[in-house]
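What follows is each chain in one-letter form.
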Amino acid sequence: MTAPITPIQPDHPQQAAIRLRQVSCERGGRELFNIDYWRLPAGEHGLLEGPSGCGKTTLLHLIAGLETGVNGEINVLGHDPGQLGSRQRDRFRASHIGLIFQDFHLLEGLTVEANLRLGGWLGRRGDNRQAARELLVRLGLSSLAHQYPHTLSQGEKQRVAIARALINQPPLILADEPTSALDDANTDNVIGLLLEEADSHGASLLVASHDSRLRKHFSHRIELAGPQ
Ligand SMILES: Nc1ncnc2c1ncn2[C@@H]1O[C@H](COP(=O)(O)OP(=O)(O)O)[C@@H](O)[C@H]1O
Ligand SMILES: [Mg+2]
């Protein structure tokens, strides 16, 4: 006899990478956004849209637990980052979330390879030399492994930032405006790379962008309205 199949509950936090319920956020004395409900199923990809200043970066940081201070419920891979203590939150982020900042946040005093390995070390992955080397090869960066960030082009820095976000194979990848400085061809390349890398280990990807060229790549979208 086969075991009974548990019906999928669309609201079950374990089956959502991100679930937002009645989330509103104030900054500087005004309401930035107010989201009734949005859900990104695990393993699927979403676009967080809206004009500059509408709160996209703030929402990404709330999801990543880099910022707190929000009303309502933010559930990330079954956890509410705002309910975790600060050390737990840092640990959760390091092991579950790959974050690609708009301005990359590479450590200037470390080589490309060391930047990657630091990300792995923070996620407590033990010796990750091999993982770092493989990722550098896959992203076409192996010849740059021993260079420092200030010697790289913007496009190379961005690929290093993407590689660093992927080293722990996080189940959730967040990318803030990854295409804002790119032409059409490079926009497609970078989004293609992010989607491919996310799919290669079953991760969910959320991209924040004001760039409407990205819509065609995403079946899940959430749009923040912007200042009223
Ligand atoms: N801690 C804060 N205090 C005051 N204003 C803030 C704070 N954080 C963000 N803001 C403001 O909120 C707005 C939205 O910021 P942001 O999340 O960066 O938007 P986006 O990424 O969509 O451009 C901006 O006007 C910003 O100045
Ligand atoms: Mg922003």
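Look above for the structure.
Calculation notes
Residues numbered from 1 in each chain as written. Chains lettered and ligands numbered in written order. Predicted model: local features only at pLDDT ≥ 70, side-chain atom pairs only at ≥ 80, totals over all residues. Heavy atoms only, no water. Axes fitted to C-alpha atoms, helices over the stretch in contact; angles between N-to-C directions. Helix = DSSP H or I, 4+ residues; strand = E, 2+ residues; numbered from the N terminus. Parallel < 35°, antiparallel > 145°, perpendicular 65-115°, else oblique. Contact = heavy atoms within 4.5 Å. Nonpolar A, V, L, I, M, F, W, Y, C, P; charged D, E, K, R; others polar. Buried < 20%, exposed > 50% of the residue type's maximum accessible area, 1.4 Å probe, protein only. Arc of directions from axis to C-beta. Polar contact = N/O pair within 3.5 Å; in protein donor to acceptor, adjacent residues only side chain to side chain. Near = heavy atom within 4 Å. Pairing = 2+ DSSP bridges. Left-handed = near helix turned anticlockwise from the far one by under 90°. Salt bridge = Lys/Arg side-chain N within 4 Å of Asp/Glu carboxyl O.

**Student:** Looking at this structure, how should I read the packing of helix 5 (residues 154-166) against helix 6 (residues 184-200)?
**Tutor:** A pair of packed helices is captured by two measures, namely the crossing angle of their axes and the spacing between those axes. Contact geometry for helix 5 and helix 6: axes closest at 12 Å, N-to-C directions at 10°. What the angle tells us is that helix 5 and helix 6 run roughly parallel. Taking contact as the criterion, the partners of Gln158, Arg159, Ile162 and Leu166 in helix 5 are, on helix 6, Val190, Leu193, Leu194 and Glu197. Here the contact of helix 5 with helix 6 is built from residues that sort into five nonpolar, one polar and two charged.

**Student:** Sorry, what's going on with helix 3 (residues 112-122) here?
**Tutor:** Residues separated by three or four positions in an α-helix point in the same direction, a consequence of the helix having 3.6 residues per turn. Within the span of helix 3, buried status applies to Val112, Glu113, Asn115, Leu116, Gly119 and Gly120. The arc that holds the buried residues of helix 3, viewed along the axis, is 165°, so those residues lie on one side. Where the residues of helix 3 are buried, they touch helix 4 (129-138) and helix 5.

**Student:** I keep staring at the side chain of asparagine 168 and nothing clicks. Help me out?
**Tutor:** Relative to the helices and strands, asparagine 168 resides in the loop between helix 5 and strand 6 (172-176). Note on asparagine 168: relative accessible area 5%, which makes it buried. Here the side chain of asparagine 168 touches alanine 94 through a polar contact of 3.1 Å, landing on its backbone oxygen.

**Student:** What's the story with the site of ligand 1 in this structure? I'm lost.
**Tutor:** The local shell around ligand 1 consists of Arg27, Gly28, Arg30, Leu32, Pro51, Ser52, Gly53, Cys54, Gly55, Lys56, Thr57 and Thr58. One nitrogen or oxygen atom from the main chain of glycine 53 is found 2.7 Å from an oxygen atom belonging to ligand 1. Threonine 58 places a side-chain nitrogen or oxygen 2.6 Å from an oxygen atom of ligand 1. Mapped onto the shell around ligand 1, the elements with two or more residues apiece are strand 2 (30-41) and helix 1 (56-64).

**Student:** Just checking my understanding: could you explain the sheet that holds strand 5 (residues 97-100) for this structure?
**Tutor:** Backbone hydrogen bonds are what pair the strands of a sheet, in a parallel or an antiparallel way. One open sheet holds the five strands; their spatial order is 5-6-7-3-8, and the pairing between them is parallel. Either end of the sheet is taken by a strand with one partner, and the two such strands are strand 5 and strand 8 (220-223). If you compare each strand with its neighbour and ignore which way they point, the axes differ by 15° on average. Bridging between strand 5 and strand 6 involves four bridges; their strand directions are parallel. When the sheet's bridge partners are listed, glycine 98 is paired in strand 6 with isoleucine 173. Those strands touched by helix 1 are strand 3 (45-49), strand 5, strand 6 and strand 7 (204-209), and its axis lies near 155° from that of strand 6.

**Student:** Help me understand the packing of helix 3 against helix 4, please; the structure alone is not making it clear to me.
**Tutor:** For the pair helix 3 and helix 4, the least separation of the axes is 9 Å and the interaxial angle reads 125°. The orientation of helix 3 relative to helix 4 falls into the category oblique. As for how helix 3 packs across helix 4, the hand of that crossing is right-handed. On helix 4, the residues touching Val112, Glu113, Leu116 and Arg117 of helix 3 are Arg129, Ala132, Arg133, Leu135 and Leu136. Taken together, the residues that form the contact of helix 3 with helix 4 break down as five nonpolar, no polar and four charged.

**Student:** So what exactly am I meant to see when it comes to the pattern of salt bridges here?
**Tutor:** When their charged atoms lie close together, side chains carrying opposite charge are able to pair. Across all of its chains, the model carries 12 salt bridges by this definition. One salt bridge connects arginine 221 with glutamate 49, and the closest N-O pair in it is separated by 3.6 Å. Highlighted residues: arginine 221 in strand 8 and glutamate 49 in strand 3, separated in sequence by 172 residues. Using a relative accessible area of 41% as the deciding quantity, one classes arginine 221 as partly exposed. For arginine 93, the salt bridge identified is with aspartate 90, shortest N-O distance 3.2 Å. Here the residue arginine 93 and the residue aspartate 90 both occupy positions in helix 2 (residues 86-96), the gap between them amounting to three residues, near one helical turn.

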